[in-house]
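Geometric and topological summary
Each chain is listed here by its residues.
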Amino acid sequence: WPPGCWQRMPSPVPEAAPRRMDNPMSAATVHHMIQADRLLTAQRPDWLVVLGDRFETYAVCLAAFYAQVPVFQLGAGDRTEGGCVDDRLRFLIGELAHAHGCFSQASAERLLRRGEEAWRVHVTGSPLVDNLHAVPLPGREALCARLGLDPGRPVVMFTQHPVPAEGEATVRAFADSVEALRGLDVQVVATEPNRDGFGEALEAVIR
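Here goes a summary of the coordinates provided.

Conventions we followed
Residues numbered from 1 in each chain as written. Predicted model: local features only at pLDDT ≥ 70, side-chain atom pairs only at ≥ 80, totals over all residues. Heavy atoms only, no water. Pairing = 2+ DSSP bridges. Helix = DSSP H or I, 4+ residues; strand = E, 2+ residues; numbered from the N terminus. Axes fitted to C-alpha atoms, helices over the stretch in contact; angles between N-to-C directions. Parallel < 35°, antiparallel > 145°, perpendicular 65-115°, else oblique. Left-handed = near helix turned anticlockwise from the far one by under 90°. Contact = heavy atoms within 4.5 Å. Nonpolar A, V, L, I, M, F, W, Y, C, P; charged D, E, K, R; others polar. Phe/Tyr/Trp six-rings, centres within 6.5 Å; stacked < 30°, edge-to-face > 60°.

Focus on the sheet that holds strand β2 (residues 71–74)
- Ordered in space as β1-β2-β3-β4, the four strands form an open sheet in which the pairing is parallel. Only two strands of the sheet have a single partner each, and these edge strands are β1 (48–51) and β4 (121–123). The average undirected angle you get between the axes of adjacent strands in this sheet is 20 degrees.
- Bridge count for strand β3 (residues 99–102) against β4 is three bridges, and the pairing is parallel.

Below, the structure written as structure tokens:
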């Protein structure tokens, strides 16, 4: 690689990247792109609306680019600090998209600073907020019964995803969080970590 080629990448990605051999995202990206290409070619939608910043979303948008299907990107311009791959993929998806729905004014301004045309940028808010009003949620008693918890004791939901740029340190940070929770008199409901690298190691810590 030429000198300075990694300067646009969040440090320390170059050091962490060789250790992510357990992550099959490259093959999965190709798989999703092929499947999306078949679907888009068969159905020829007028628009493709995508949400998020995952590798699956990027694969579908790349297929739409080649199939000449315009893309409307929800969650555009957001920022996930800390060296996550999400920021890079979200930017790439934005480059492939024809219009953007931003969850906040700050995200919209971030896109405009990057040179995006103003008529393509819309502050739509997040559809997840609508879900909070539209989807019926169980009460505490019903939820605790479903999860086998004591409704009389405190409940903590624990979610922590790996940050691949941190290398093995992301596993140690996760283990520290779990150990801290074990020292509290609470019931813990842990969600599964994502698959951005080191996900299996984090699952092993949960087990």
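Once you've had a look at it, read on.
A word on the packing of helix α2 (residues 25–43) against helix α3 (residues 55–67)
- One can describe the packing of α2 onto α3 by two numbers: an axis separation of 8 Å at closest approach and a directional angle of 40 degrees. The orientation of α2 with respect to α3, classified from their angle, is oblique. As for the relative orientation of α2 and α3, their crossing is right-handed in sense. Between α2 and α3, the contacting residues are Met25, Ala28, Thr29, His32, Met33, Ala36, Asp37 and Leu40 on the first element and Phe55, Glu56, Tyr58, Ala59, Val60, Leu62, Ala63, Ala64, Tyr66 and Ala67 on the second.
- Broken down by class, the residue content of the contact of α2 with α3 amounts to 14 nonpolar, two polar and two charged.

Section: the packing of aromatic side chains
- Going through the model one piece at a time under the given rule, you end up with two aromatic pairs.
- Note on Phe65 and Tyr66: the rings are 5.3 Å apart at their centroids and 70 degrees apart in plane angle, and the pair reads as edge-to-face.
- Each ring, one from Phe158 and one from Phe174, has its centre 5.4 Å from the other, and the planes form 45 degrees; the classification is tilted. Here Phe158, found in strand β5 (residues 155–158), pairs with Phe174, found in helix α8 (residues 169–182); they are 16 residues apart in sequence, far enough to count as distant.

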